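As a plain string of letters, each chain reads:
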Amino acid sequence: MSYDWNFQPVFDNWWALAIGAAGTLRLFVVCLVLGMGLGLIVALGRRSHNRPLRWLSTAFVEFFRNTPVLVQILWFYYALPILVPIEISPFTAAILGISLNSAAYSAEIYRGGIQSIEPGQWEAARAIGMTGVQTLRRVVLPQAIRRIIPALTNRGVEIFKMSTLASVVAYVELLQQGKLIASLNFNPLETYTVIAAIFLIILYPIVSMTYSLERHLARSD
Amino acid sequence: MADPVLRLTGLGKSFDGHRVFSDVDLEVLPGDRIAILGASGSGKSTLLRCVNVLETPDEGSMEVGGKAVGDNTRNRPARYSERELRALRQRVGMVFQQFNLFPHMTVAGNVAEGLVTVRGMSTSAARERAVSELKRVGLADKADTYPSRLSGGQKQRVAIARALAMDPEILLFDEPTSALDPALVGEVLSVIKQLADEGRTMLLVTHEIGFAYHVATRIVFLADGGIYETGTPDEVLKNPKRPLTQQFLAEHQRFQF
Ligand SMILES: Nc1ncnc2c1ncn2[C@@H]1O[C@H](COP(=O)(O)OP(=O)(O)O)[C@@H](O)[C@H]1O
Ligand SMILES: [Mg+2]
């Protein structure tokens, strides 16, 4: 069977694709910052001496890790406004679903990283009079984060790809635009091939950058 | 007579119901160098770690520089506020068996860390001070190296410089040479000797009995859940009076005075 590839109709819609890419990037950056930031807070919560805080953080991780992101996005978009009188945009619903899920996963990564630091490091910092927060910021986290960069990179890639789930609430991102182009031009093969290629073209350089970051941080080894 | 730098009164510590030591009384005057000896597991590290409250003692009381540390007027065991602990730890320097250098910081960064983070010194002033402490331990040329590039002996000298940078009134050494290749022990002991000659006050846990004999002003032998025998090096090391001390020294016959 031979198929006549014709990418022209896809490229004719480059403007729609560009808008989609911008929507994907916007969602990615917001979810990356929120997911990784909140993840660190939750990880610290799980190590807290405060029992309710510890319990809450654990419950958070288990809840968001064990429910599908797609269901969460749909829930925030369609269900939450029934419970509380607020308007939830597709963008907000997607941010909530993806960030909270990523926070749950990255919290576990941070926790593992922090636990992997030898107790002697904490003791040496305390022995010169540093506070717990100073020790975390100056001694423990810099070493822990270095060890978990590969795992965090995976999380980041995952967040980028999860952005496509936002199309379920018609948020304008790459996949959503692709669906539109494919249905107007009856060319799903070319369109989705191009969409996949765009993901690869954007993601690969970002991942390469984290490799050089890893190398840069390994200079003290 | 000068006020004691450190006074322990009836100090005791248990782990999960297992009593490590109790009723430890110890008075450390300025310039005292106290070597703490004892078999493995006799509580030497625990005693040392109680002094800067890396372990919380659960009996007795402690004074540093004439001031009580920890509140045991109503609370038994004594409670320590975070603030008080930070102040205490700046006055009490500690050197660990495993060095515990910060691997992601340069040698100078390690020494300057407390000055910058705890004392709020500017980075440049802290670096200057760090380099001068490194000079003291003979490692000024390694200031910009990372710890992973150093030998064990060099690492331990950096750790000593890190403790010295905070101007402690008393130095705690927990088996500072036990993790080292025999060939590297000498360079660390000679730095400690130099500090002793400067008149620094120190508590030194060690298995280098010959070194303890020459450097210490007093020996504390831990056994049987407390201070078992104490006195001058001549008294305890040459003429031990009690059986466990005699037995311990007999087992460490390899040392020379
Ligand atoms: N954090 C701890 N938890 C429980 N037991 C401990 C702890 N630290 C030390 N111990 C116990 O206390 C005793 C004294 O230990 P330590 O002070 O390390 O002895 P030393 O330094 O003389 O070898 C040992 O029996 C050891 O197992
Ligand atoms: Mg020990």
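Up top is the structure.
It should be emphasised that the depicted structure is a prediction, and the values quoted were computed from it without experimental measurement. (Residues numbered from 1 in each chain as written. Chains lettered and ligands numbered in written order. Predicted model: local features only at pLDDT ≥ 70, side-chain atom pairs only at ≥ 80, totals over all residues. Heavy atoms only, no water.)

A.B. asks: Residue-level account of the overall build of chain A, with values.
C.D. replies: Check the secondary structure of chain A and you find nine helices and zero strands. Counting helices and strands in the order they occur from the N terminus, chain A gives α-α-α-α-α-α-α-α-α. By its C-alpha atoms, chain A is 70 × 50 × 30 Å across when sized along the principal axes. For chain A, with 221 residues in total, the buried portion stands at 45%. Within chain A, contacts between residues at least 6 apart in sequence are counted, and of these 75% link residues at least 24 apart. (Helix = DSSP H or I, 4+ residues; strand = E, 2+ residues; numbered from the N terminus. Buried < 20%, exposed > 50% of the residue type's maximum accessible area, 1.4 Å probe, protein only. Contact = heavy atoms within 4.5 Å.)

A.B. asks: Summarise the nonpolar core; cite the residues concerned and give the values.
C.D. replies: Residue and element names in this part refer to chain B. Of all hydrophobic cores here, the largest spans 86 residues; its most connected members are L6, L8, I36, L134, I160, F173 and L203. At seven residues, helix α6 (residues 182-197) tops the list of elements feeding residues into this core. With near-sequence residues (within four places) excluded, L6 lies in contact with L26, E27, V28, V51, M62, E63, V64, I170 and L203. (Core = buried A, V, L, I, M, F, W, Y, C linked by side-chain atoms within 4.5 Å.)

A.B. asks: Help me get a handle on a nonpolar patch on the surface, residues and values and all.
C.D. replies: Residues and elements named next belong to chain A. Taken together, the side chains of W14, W15, I19 and V172 present a nonpolar region at the surface, about 450 Å² in accessible area. Within the secondary structure, W15 sits in helix α2 (residues 14-46). Assessed through its relative accessible area of 54%, W15 is described here as exposed. (Patch = residues over 30% accessible without salt bridge, like charges linked within 9 Å, V, L, I, M, F, W, Y side chains within 5 Å. Areas by Shrake-Rupley, 256 points an atom, 1.4 Å probe, with all protein chains shown as cover. Salt bridge = Lys/Arg side-chain N within 4 Å of Asp/Glu carboxyl O.)

A.B. asks: Before we move on, could you go through the interface of chain B and chain A and cite the residues and values that matter?
C.D. replies: Opposite the 25 residues of chain B that make contact, chain A presents 20 residues. When the area that chain B buries against chain A is broken down by residue, the three leading residues are R89, F102 and H104 of chain B, summing to 25%. Here chain B and chain A share two salt bridges between them. Between R49 of chain B and E123 of chain A there is a salt bridge, and its shortest N-O distance comes to 2.7 Å. At the surface where chain B touches chain A, the tally comes to seven residue pairs in polar contact (both at pLDDT 80 or more). Of all the elements in the fold, those that place two or more residues in the side of chain B that touches chain A are α2 (82-91), β6 (92-95) and α3 (107-117) of chain B. (Buried area = accessible area lost by both parts, 1.4 Å probe. Polar contact = N/O pair within 3.5 Å; in protein donor to acceptor, adjacent residues only side chain to side chain.)

A.B. asks: For the packing of aromatic side chains, give the residues involved together with the corresponding values.
C.D. replies: Counted under the stated rule, the structure contains 13 aromatic pairs over all chains. Here the aromatic rings of W5 of chain A and F7 of chain A are separated by 5.6 Å at their centres, their planes lie at 20 degrees, and the arrangement is stacked. On the basis of relative accessible area, F7 of chain A is assigned to the partly exposed category, the value being 27%. A centroid spacing of 5.4 Å and a plane angle of 80 degrees characterise the contact between W75 of chain A and F76 of chain A, whose relative ring orientation is edge-to-face. For F76 of chain A, a relative accessible area of 10% gives the class buried. The side chain of R26 of chain A reaches across the aromatic face of F91 of chain A, ending 4.2 Å from its centre. Its guanidinium or amino end placed over the ring of Y228 of chain B, R242 of chain B lies 3.9 Å from that ring's centre, counting from NZ or CZ. (Phe/Tyr/Trp six-rings, centres within 6.5 Å; stacked < 30°, edge-to-face > 60°. Lys NZ or Arg CZ within 6 Å of the ring centre and 35° of its normal.)

A.B. asks: Lay out the sheet that holds strand β8 (residues 202-205) of chain B in plain terms, naming residues and giving numbers.
C.D. replies: Residue and element names in this part refer to chain B. If you trace the six strands from one edge of the open sheet to the other, you get β6-β7-β8-β3-β9-β10, paired in mixed fashion. Each end of this open sheet is capped by a strand with a single partner; those strands are β6 and β10 (226-231). Neighbouring strand axes in the sheet, compared pairwise and without regard to direction, differ in orientation by 20 degrees on average. As judged from the four bridges shared by β6 and strand β7 (residues 170-174), these two strands associate in the parallel manner. Across the sheet, V92 pairs through a bridge with I170, a residue of β7. (Pairing = 2+ DSSP bridges. Axes fitted to C-alpha atoms, helices over the stretch in contact; angles between N-to-C directions.)

A.B. asks: Lay out the sheet that holds strand β2 (residues 18-28) of chain B in plain terms, naming residues and giving numbers.
C.D. replies: The strands that make up a sheet are held in pairs by hydrogen bonds between backbone atoms, and each pair lies either parallel or antiparallel. All names here are of chain B. Spatial ordering of the open sheet is given by β2-β1-β4-β5, a layout of four strands whose pairing is antiparallel. Of all the strands in the sheet, the pair left with one neighbour each is β2 and β5 (67-69). Each neighbouring strand pair of the sheet contributes to a mean axis angle of 30 degrees, computed without reference to strand direction. Where strand β4 (residues 59-64) meets β5, three bridges bridge the pair, whose relative direction is antiparallel. Within β5, the position partnered with V64 by the bridge is K67. Across the sheet, helix α1 (residues 44-51) lies against β1 (6-15), β2 and β4, angled at about 125 degrees from β1, the strand it touches most.

A.B. asks: Go over the pattern of salt bridges, please, and point to the residues and values.
C.D. replies: Residue and element names in this part refer to chain B. Counted according to the given criterion, the structure contains 20 salt bridges over all chains. Between R157 and E187 there is a salt bridge, with the nearest N and O atoms lying 2.5 Å from each other. Taken together, the positions of R157 in helix α5 (residues 152-164) and E187 in helix α6 put the pair 30 residues apart, joining distant regions of the chain. A single salt-bridge network, built from bridges that share partners, covers R129, E133, R136, D167, E198 and R200.

A.B. asks: Can you lay out the site of ligand 1 for me, pointing to particular residues and giving the numbers?
C.D. replies: Residue and element names in this part refer to chain B. Near ligand 1, the surroundings consist of F15, H18, V20, A39, S40, G41, S42, G43, K44, S45 and T46. At 3.3 Å, a backbone N or O of S42 approaches an oxygen atom of ligand 1. In the environment of ligand 1, an oxygen atom lies 2.5 Å from a nitrogen or oxygen atom belonging to the side chain of T46. In the complex, 60% of the free accessible area of ligand 1, which totals 560 Å², lies under the protein chains. Looking at the shell around ligand 1, the elements with two or more residues in it are β2 and α1. (Near = heavy atom within 4 Å.)

A.B. asks: How would you sum up helix α4 (residues 123-136) of chain B? Please name residues and give values.
C.D. replies: Residues and elements named next belong to chain B. Its 14 residues place the ends of α4 20 Å apart at the C-alpha level, agreeing with the 20 Å of an ideal helix rising 1.5 Å per residue. Within α4, the full set of buried residues consists of A126, A130, V131, E133 and L134. Summarising the axial view, the buried residues of α4 lie within an arc of 160 degrees, below the 170-degree limit, and thus occupy one face. Opposite the buried face of α4, by more than 90 degrees, sit the exposed residues S124, E128 and K135. Count one or two residues on from α4 and you reach G138, which has phi positive near 75 degrees. (Expected span 1.5 Å × (residues − 1). Arc of directions from axis to C-beta.)

A.B. asks: Go over unusual backbone geometry with me, naming the residues and quoting the values.
C.D. replies: One non-glycine residue, A170 of chain A, lies in positive phi territory at about 60 degrees. The class of A170 of chain A is partly exposed, set by a relative accessible area of 46%. Not every positive phi belongs to a glycine, and D16 of chain B is a case in point at roughly 45 degrees.

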